[in-house]
Amino acid sequence: MSLPSRASFADIRLYSPSKVKCGVDLSDNTNLFGMPPAAERALREATASLASRYPTGYAPDLRQAVASYTGMEPSQVTTGCGSDDVIDSTLRAFLEPGDPLAFQEPTFVMVPYLSKVNALRAVPVPLRPDYDIDVDGLLATRAKLIYVCTPNNPTGTVIPRASMERLVDNAPGVVLIDEAYAEFARESFLDLARTRPNVLVTRTLSKAFGLAGMRVGYAVGNPTLVTEVEKARGPYKVTGLSERLAVVALTQDVEWMKARAAESLAIRERLETELGKLGLKPLPSGGNFVLVPVAGAPAVAERMRQRDVNVRAFQGLTGIGDALRIGCGPWTMMEAALGALREALR
């Protein structure tokens, strides 16, 4: 019996983050200081009904909490199972199969993957030598949806405001701005989501808020855009427990989050100094991680894993080459990482 399949799936490999159990795991840029205290209390107090009943269809309490946190209205908020789910829903909402999807290169690895899964035509546009986006190149694609990430993953680099505003003001369609690392950055583009009809800003609670295991993401923007994403999203994407913890984190743990984010940035600056002493030159970062060009990065990462430290290796990044992405956690973890890196580079 021949089973039906999509021809366009033939060259798509199952996406896997390839997690390796290590004593020190710096590979996913999550909050390594633990979960927010009020959210932890809510987890202990959670009732069995959160598991035995369906969650709310479109997470209204979470939408209200996000609206308050971002200065938006609930009608300007959509949520999902992590920000990659929100990105996926946005692609389905605004693009037909075969449409171009433009994005900076390199960027979040899930974007070209979701482009293939949704039968879109991926149009990567390389970053400029100064790591700014190529605004003219992105606009020249005439794509109805342009994705940009700032601080960018994996580079950590930040898009200047002038470039972002010129892109938004001249784009032929929707601009999706991924701010997964917004809480670590000096600047946000939420104001564009409030004032421009074609902007969606997506964020996550997996990074600074320390709730990666709860899988909560959201996007904010014009209510008309949000409604289309909600239609593509469908109901029940955020579990009852995830919604409960996310609401508590956004309403009671913001100061805790800000303190941990500031600590992460101080540690990142210290890490950059130590990497410089090793003769390495990390890219300028606005996030809680650094990207460090290293020849033969996959082999170096493997030697670090053998020393119980896990970092993310990238091979052949456009304009950069091989590199290691190192997340920032408590300094004891960074000392272990630096020791493993010194040994791996020998």
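Residues numbered from 1 in each chain as written. Predicted model: local features only at pLDDT ≥ 70, side-chain atom pairs only at ≥ 80, totals over all residues. Heavy atoms only, no water.

Draft legend 1. Highlighting the packing of helix α12 (residues 297-305) against helix α13 (residues 331-345). Where α12 contacts α13, the two axes come as close as 9 Å, and the packing angle between them is 125°. One finds that α12 runs oblique with respect to α13. Crossing of α12 over α13 shows right-handed handedness. Contact residues: V300, R303 and M304 in α12; A337, A340, L341, A344 and L345 in α13. Considering only residue class, the contact of α12 with α13 consists of 7 nonpolar, no polar and 1 charged. (Axes fitted to C-alpha atoms, helices over the stretch in contact; angles between N-to-C directions. Helix = DSSP H or I, 4+ residues; strand = E, 2+ residues; numbered from the N terminus. Parallel < 35°, antiparallel > 145°, perpendicular 65-115°, else oblique. Left-handed = near helix turned anticlockwise from the far one by under 90°. Contact = heavy atoms within 4.5 Å. Nonpolar A, V, L, I, M, F, W, Y, C, P; charged D, E, K, R; others polar.)

Draft legend 2. Focus on the sheet that holds strand β4 (residues 121-126). Across the sheet, which stays open at both edges, the 7 strands sit in the order β2-β8-β7-β6-β5-β3-β4 with mixed pairing between neighbours. Each edge of the sheet is formed by a strand with only one pairing partner; in this case those strands are β2 (77-80) and β4. Looking at each pair of strands side by side, their axes are set apart by 20° on average, direction ignored. Bridge analysis of strand β7 (residues 199-204) against strand β8 (residues 217-221) gives 5 bridges, and the strand direction is antiparallel. Looking at β8, one finds that L200 is bridged to G221. (Pairing = 2+ DSSP bridges.)

Draft legend 3. A look at the layout of surface pockets. Approximately 1600 Å³ is the volume attributed to the largest pocket. In terms of lining residues, the largest pocket is bounded by 49 residues, among which Y15, F108, V109, M110 and R312 are the most central. Going through the elements one at a time, α4 (83-94), β3 (100-105), α5 (110-117), α12 and β11 (312-317) are the ones with two or more residues in the lining of the largest pocket. Looking at side-chain class alone, the lining of the largest pocket contains 21 nonpolar, 15 polar and 13 charged residues. The volume enclosed by the second largest pocket comes to roughly 190 Å³. Lining the second largest pocket are S49, L50, R53, Y54, P55, T56, D61, G240, E243, R244, V247 and V248. For the lining of the second largest pocket, the elements supplying multiple residues, two or more each, are α2 (49-52) and α10 (240-252). Looking at the lining of the second largest pocket element by element, the count peaks at 5 residues for α10. (1 Å grid on protein atoms, 1.4 Å probe; cavity = no way out; pocket = protein on both sides within 12 Å on 5 of 7 lines; lining within 4 Å. Points joined across faces, edges and corners; volume = space filled by probe spheres on them.)

Draft legend 4. Expanded view of the nonpolar core. Counting 51 residues, the largest nonpolar core has L62, V148, L167, I177 and V220 as its most contacted members. Residues within four places of V220 in sequence aside, it is in contact with V66, T70, M72, Q76, V77, L190, A193, V199, L200 and V201. In this structure, V290, V292, C328 and A337 belong to the second largest nonpolar core, which totals 26 residues. (Core = buried A, V, L, I, M, F, W, Y, C linked by side-chain atoms within 4.5 Å. Buried < 20%, exposed > 50% of the residue type's maximum accessible area, 1.4 Å probe, protein only.)

Draft legend 5. Layout of the packing of helix α3 (residues 60-70) against α10. At a closest axis distance of 9 Å, the pairing of α3 and α10 adopts a crossing angle of 20°. If you check the angle between α3 and α10, you find them roughly parallel. Seen along the crossing, α3 lies across α10 with a hand that is left-handed. Taking contact as the criterion, the partners of P60, D61, L62, A65, V66 and Y69 in α3 are, on α10, E243, A246, V247, L250 and T251. Grouping the amino acids of the contact of α3 with α10 by side-chain chemistry returns 8 nonpolar, 1 polar and 2 charged.

Draft legend 6. Representation of the pattern of salt bridges. Scanning all chains against the criterion turns up 22 salt bridges. Here R196 makes a salt bridge to D169, at a shortest N to O gap of 2.8 Å. Placement of the pair is R196 in the loop between α8 (190-195) and β7 and D169 in helix α7 (residues 161-170), with a sequence separation of 27 residues. Accessibility expressed as a relative area gives 22% for R196, which makes it partly exposed. E274 serves as the salt-bridge partner of K277, at 3.2 Å between the closest nitrogen and oxygen. Highlighted residues: K277 and E274, both in helix α11 (residues 254-277), separated by 3 residues, approximately one helical turn. (Salt bridge = Lys/Arg side-chain N within 4 Å of Asp/Glu carboxyl O.)

Draft legend 7. A look at the packing of aromatic side chains. Inspection of the entire model under this criterion finds 3 aromatic pairs. Measuring from centroid to centroid gives 5.6 Å for Y69 and F209, while their planes differ by 75°, and the two rings are edge-to-face. Pair noted here: Y69 is in helix α3 and F209 is in the loop between β7 and β8, with a separation of 140 residues, a long-range link. Overall, F209 belongs to the buried group, its relative accessible area being 1%. (Phe/Tyr/Trp six-rings, centres within 6.5 Å; stacked < 30°, edge-to-face > 60°.)

Draft legend 8. Structural context of the environment of P330. Along the polypeptide, P330 turns up in the loop between β12 (321-327) and α13. Between the C-alpha atom of P330 and that of E263, which follows or precedes it by 67 residues, the distance is 8.5 Å. Discounting chain neighbours no more than four positions away, the residues touching P330 are L32, F33 and I267.

Draft legend 9. Here's a closer look at the environment of R13. Take R13: it is sitting in the segment before β1 (24-25). Each C-alpha atom, one on R13 and one on F184, is 32 Å from the other, the two residues being 171 residues apart in sequence.

Draft legend 10. Region of interest: unusual backbone geometry. In the segment running from E105 into P106, the intervening peptide bond is cis, with an omega of 0°. Structurally, P106 is set in the loop between β3 and α5. Cis peptide bonds are those with omega within 30 degrees of zero, and the linkage from N153 to P154 qualifies with 20°. Note on placement: P154 falls in the loop between β5 (145-149) and α7. The backbone phi angle of N29 is positive, close to 60°, even though this residue is not glycine. Residue placement: N29 occurs in the loop between β1 and α1 (37-44).

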